[in-house]
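An overview of the molecular structure
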Amino acid sequence: MPRFRLSYLPVTLARLARFVLFVMAMLCASRPGSAQDTPLISGGVGFQTSTNGGNTKYQPIIEPLLAAPIGPRVLVESRAAILETWAPRTDGGSGYDHTYFGALTYLQGDVTLTPHVTLVGGSFLIPFGTYNERLSPIWISNFQSGPLISPLGLMSTGTGVGGMLRGSAVSHPKYSIDYAAYFSASSDNEQFNSDRSFGGRADLYLPKPRLELGLSYGRLLQGTHENFYGAHLWWEPKDTGFRLRSEFARGHHAQGYWVEADYRMQAFGGPDSVIGRFEPVFRMQQTFRRDTIVSDGLPLVNTQRADFGLDYNLPHNTRIITSYSRQFSSTGDRNIWETGIVYRFLFPAWKGRSK
Amino acid sequence: MNLKYLLSAVLLVVAAFASSKAAPRIRPVPQAEAQNAQNATKKQAPATQGGTHEDEGQRIFDQNCSRCHTAPDGFSSRISGTVVRHMRVRASLSQHDEQELLRFLNP
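Note that the structure is predicted; figures quoted are calculated from it, not measured.

**Overview of the overall build of chain B**
Helices and strands together make up the secondary structure of chain B, namely 5 helices and 4 strands. Each helix and strand of chain B, ordered N terminal to C terminal, gives the series α-β-α-β-β-α-β-α-α. Each of the 107 residues in chain B was classed as buried or not, and the buried ones make up 39%. The long-range fraction of contacts in chain B, counting pairs at least 24 apart against all pairs at least 6 apart in sequence, stands at 63%.

**Digging into the overall build of chain A**
Regarding its fold elements, chain A presents 2 helices and 18 strands. Once local pairs closer than 6 in sequence are excluded, the contacts in chain A between residues at least 24 apart make up 57%.

**Regarding unusual backbone geometry**
Residues and elements named next belong to chain A. Positive phi values are uncommon outside glycine, yet Met155 reaches one of about 55°. Along the chain, the position of Met155 falls in the loop between helix 2 (131-135) and strand 6 (159-171). The exposure class assigned to Met155 is buried, which follows from the 28 C-beta atoms found within 10 Å. You will see that Ser156, though not glycine, has its phi angle at about 70°, which is positive. Within the secondary structure, Ser156 is located in the loop between helix 2 and strand 6.

**Quick notes on the confidence of the model for chain A**
Residue and element names in this part refer to chain A. This prediction gives chain A a mean pLDDT of 89; 89% of its residues lie at or above 70. Here residues 1-10 is a poorly scored stretch, pLDDT under 50, and it has 29 contacts once near neighbours within four places are set aside; other chains count. Contacts from residues 28-33, a stretch scored under 50 in pLDDT, to residues over four places away or in other chains number 4 contacts.

**Re helix 4 (residues 80-90) of chain B**
All names here are of chain B. In terms of burial, helix 4 is largely enclosed, as 10 of its 11 residues are buried. Taken residue by residue, helix 4 has Ser80, Gly81, Thr82, Val83, Val84, Arg85, His86, Met87, Arg88 and Val89 as its buried positions. Two residues or fewer past helix 4, Ser92 is found with a positive phi of approximately 55°.

**Some thoughts on the confidence of the model for chain B**
All names here are of chain B. The share of residues in chain B with pLDDT of 70 or more is 49%, and the mean pLDDT across the chain is 65. Summarising per-element confidence for chain B, the mean pLDDT is lowest in strand 2 (residues 47-48) (37) and highest in helix 4 (92). Scored below 50 in pLDDT, residues 29-50 makes 26 contacts in the model with residues more than four places away or belonging to other chains.

**Regarding the nonpolar core**
It is characteristic of soluble globular proteins that their nonpolar side chains tend to be buried jointly. Within the largest apolar cluster, 48 residues are counted, with the highest numbers of intra-cluster contacts made by A:Leu40, A:Ala67, A:Ile126, A:Ile149, B:Val83, B:Met87 and B:Leu101. Those residues in contact with A:Ala67 that lie beyond four places of it in its chain are A:Pro39, A:Leu40, A:Leu75, A:Glu77, B:Thr82 and B:His86. Among the nonpolar cores identified, the runner-up in size contains 8 residues, and A:Ile61, A:Ala80, A:Ala103 and A:Trp139 belong to it.

**Some words on the packing of helix 4 of chain B against helix 5 (residues 95-105) of chain B**
Two quantities define a packed helix pair, namely the angle between the axes and the distance from one axis to the other. All names here are of chain B. With their axes 10 Å apart at the nearest point, helix 4 and helix 5 run at an angle of 145° to one another. Two packed elements cross with a definite hand, and for helix 4 against helix 5 that hand is right-handed. Along its contact with helix 4, which presents Ser80, Gly81, Val84 and Arg88, the element helix 5 presents Glu98, Leu101, Leu102 and Leu105. Along the lines of polarity and charge, the residues of the contact of helix 4 with helix 5 split into 4 nonpolar, 2 polar and 2 charged.

**Observations regarding the environment of A:Gly109**
Residues and elements named next belong to chain A. Along the chain, Gly109 turns up in strand 4 (residues 96-114). Taking the C-beta count within 10 Å as the criterion, Gly109 has 16 such neighbours and is therefore assigned partly exposed. Residues Gly109 and Gly158, spaced 49 residues apart in sequence, show a C-alpha to C-alpha distance of 17 Å. Every residue in contact with Gly109, bar those within four places of it in the chain, is listed here: Val74, Val76, Gly121 and Gly122.

What counts and what doesn't
Residues numbered from 1 in each chain as written. Chains lettered and ligands numbered in written order. Predicted model: local features only at pLDDT ≥ 70, side-chain atom pairs only at ≥ 80, totals over all residues. Helix = DSSP H or I, 4+ residues; strand = E, 2+ residues; numbered from the N terminus. Buried ≥ 20, exposed ≤ 12 C-beta atoms within 10 Å, placed from the backbone. Contact = placed C-beta atoms within 7 Å. pLDDT = per-residue confidence, 0-100. Core = buried A, V, L, I, M, F, W, Y, C linked by C-beta atoms within 7 Å. Axes fitted to C-alpha atoms, helices over the stretch in contact; angles between N-to-C directions. Left-handed = near helix turned anticlockwise from the far one by under 90°. Nonpolar A, V, L, I, M, F, W, Y, C, P; charged D, E, K, R; others polar.

In structure tokens:
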């Protein structure tokens with residue numbers, strides 16, 4: 001899971017618990033606000049398995065998200081990832097080896113400055129392309145594993161520590177334009193690790209054809225200064241259950257793309273029918289190395305991969321996600337099997353009265 | 001590992017979960033229902049400059065929230081404002097869109 005780098009060193013559960021207590025204490029100290037603005041706890045909990053080139057691993061995972069308004073203009077939000085990975089021992093012995101990973105994915109404060117500008121400060125997801133900010137939560141993504149090019153433009157950590165301006169520049173019934181621009185300082189903090197960089201993204205959305213076009217840019221400002229460019233195109237025709245998403249990214253040493261098509265079979269009795277809950281998914285992706293300097297998390301050689309998925313949307317916010325992938329490269333072809341079940345939760349952080 | 005912190009955190013989360021049961025729940029629009037509701041409200045809801053409030057809220061919901069994820073089965077009305085404020089940042093909604101979406105989720 002490359003998006004969670006934030007230093008891959010395991011942190012103790014006690015440290016995470018201390019953070020949760022701190023946040024809870026902070027929220028208790030603040031005014032609860034109006035009833036509709038009660039802080040919420042959301043996220044996903046799941047169990048995933050994958051077999052990649054014959055190596056199997058099992059992974060229980062929870063990604064809790066906390067969002068807490070403080071007054072009418074400020075929102076504090078954070079997401080964490082806690083997971084344990086089990087794999088059969090490789091030294092010939094019986095049993096399993098396991099590793100623990102727990103870290104904050106981001107922790108940010110959002111301040112509404114004007115109707116079209118929001119200031120974000122803290123540790124935030126880098127707005128490059130679509131995967132990192134929009135598709136990476138386990139309760140959203142159609143595949144267990146992210147696209148091969150997802151590390152491009154994310155400055156090796158996926159998060160920035162600094163500030164960001166974002167918002168809707170134009171919101172019109174016929175089109176809308178939104179933007180995000182950030183600056184991140186270098187940080188070696190174990191929980192909030194980031195590189196010095198800046199960048200941003202702009203999106204144009206056309207509601208009638210349901211078409212979204214976006215451009216992203218990022219520049220690394222430490223070590224070898226590198227530029228990253230990205231473009232994405234999404235098309236989601238109305239009332240069809242079909243979605244086409246695609247993205248291209250180019251870095252200093254490699255580039256690549258992915259195209260994903262999925263179809264919720266709602267034409268067969270509606271989205272809540274037995275058949276309508278099925279969601280076949282297909283994703284094609286390729287990466288190309290521009291040189292042999294490997295510093296971006298992409299495969300060491302040119303790689304092609306086709307992912308065939310079949311998801312099932314159970315009632316009560318539960319999804320079964322399965323896929324088979326065939327990966328081709330000069331270092332050897334391989335099969336990848338992935339299966340998982342994810343439950344999405346969403347509830348108030350405490351009891352209160354409705355308006 | 002200090003077990004008391006872990007236990008405290010677990011207890012807090014369990015308590016929060018237990019306390020959430022009594023709240024009325026919002027059911028934000030499976031697509032087929034949303035279409036029916038939209039057709040119905042075209043006849044009933046008071047018209048505004050660009051159409052009905054629900055039309056506008058439905059449009060904003062479809063164009064911003066549903067673009068990335070399906071709607072959750074339902075959630076407490078006590079957090080609808082927080083959900084919308086979170087979506088305002090994540091989906092870069094304007095203030096107008098935020099208000100229309102909140103009105104749509106709390107008709």
